[in-house]
Amino acid sequence: MNPMSVEERLALNKFELDEGHPHILVNHEICREKCTLQPCLFVCPAKLYSEQNGEIIVEWAGCLECGTCQVACDYEALTWHYPRGTFGINYRYG
């Protein structure tokens with residue numbers, strides 16, 4: 001039996017989206033004025049952060065709810081909290 005890759009294991013997870021209620025918000029003003037390293041682009045294990053037209057964009061719907069991005073953000077430009085009850089990720093491996 002071959003072990004599953006990380007991508008294969010992540011694909012088993014199920015996400016219950018709370019449309020219109022993102023649990024991650026980016027303060028673009030703080031990002032532009034203070035942040036030069038942009039650690040959120042590199043630390044997210046699900047690779048949800050990207051830069052588009054000079055602004056940090058987060059695809060919060062695929063969040064693994066680890067909180068790594070909030071810890072890595074030195075300027076408190078991210079507002080992160082767990083999704084409301086019954087929403088968010090349902091881990092289905094292990």
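Each remark here, short or long, concerns the structure printed above.
Residues numbered from 1 in each chain as written. Predicted model: local features only at pLDDT ≥ 70, side-chain atom pairs only at ≥ 80, totals over all residues. Heavy atoms only, no water.

Description of the overall build of the protein
When its secondary structure is counted, the protein shows 4 helices and 6 strands. In sequence order, the protein lays out its α and β elements as α-β-β-α-α-β-β-α-β-β. Along the three orthogonal principal directions, the C-alpha set of the protein runs to about 50 × 30 × 25 Å. Burial analysis of the protein (94 residues in total) assigns 30% to the buried set. Nonlocal contacts in the protein, meaning residues at least 24 apart in sequence, comprise 66% of its contacts between residues at least 6 apart. When the accessible surface of the protein is split by element, carbon and sulfur atoms take 52% of a total near 6700 Å². On the protein, the mean spot of the 7 positive side-chain charges and the mean spot of the 13 negative ones are 6 Å from each other. (Helix = DSSP H or I, 4+ residues; strand = E, 2+ residues; numbered from the N terminus. Buried < 20%, exposed > 50% of the residue type's maximum accessible area, 1.4 Å probe, protein only. Contact = heavy atoms within 4.5 Å. Areas by Shrake-Rupley, 256 points an atom, 1.4 Å probe, with all protein chains shown as cover. Lys, Arg positive; Asp, Glu negative; His and termini not counted. Charge placed at Lys NZ, Arg CZ, Asp CG, Glu CD.)

Some details on the pairing of strand E3 (residues 49-52)
The two faces of the sheet receive side chains in turn, since in a regular strand these alternate between them. With 4 bridges joining them, E3 and strand E4 (residues 55-58) adopt antiparallel strand pairing. When the sheet's bridge partners are listed, Glu51 is paired in E4 with Ile56. Here E3 hands over to E4 after 2 residues, with Asn53 in that stretch at a positive phi of 55 degrees. (Pairing = 2+ DSSP bridges.)

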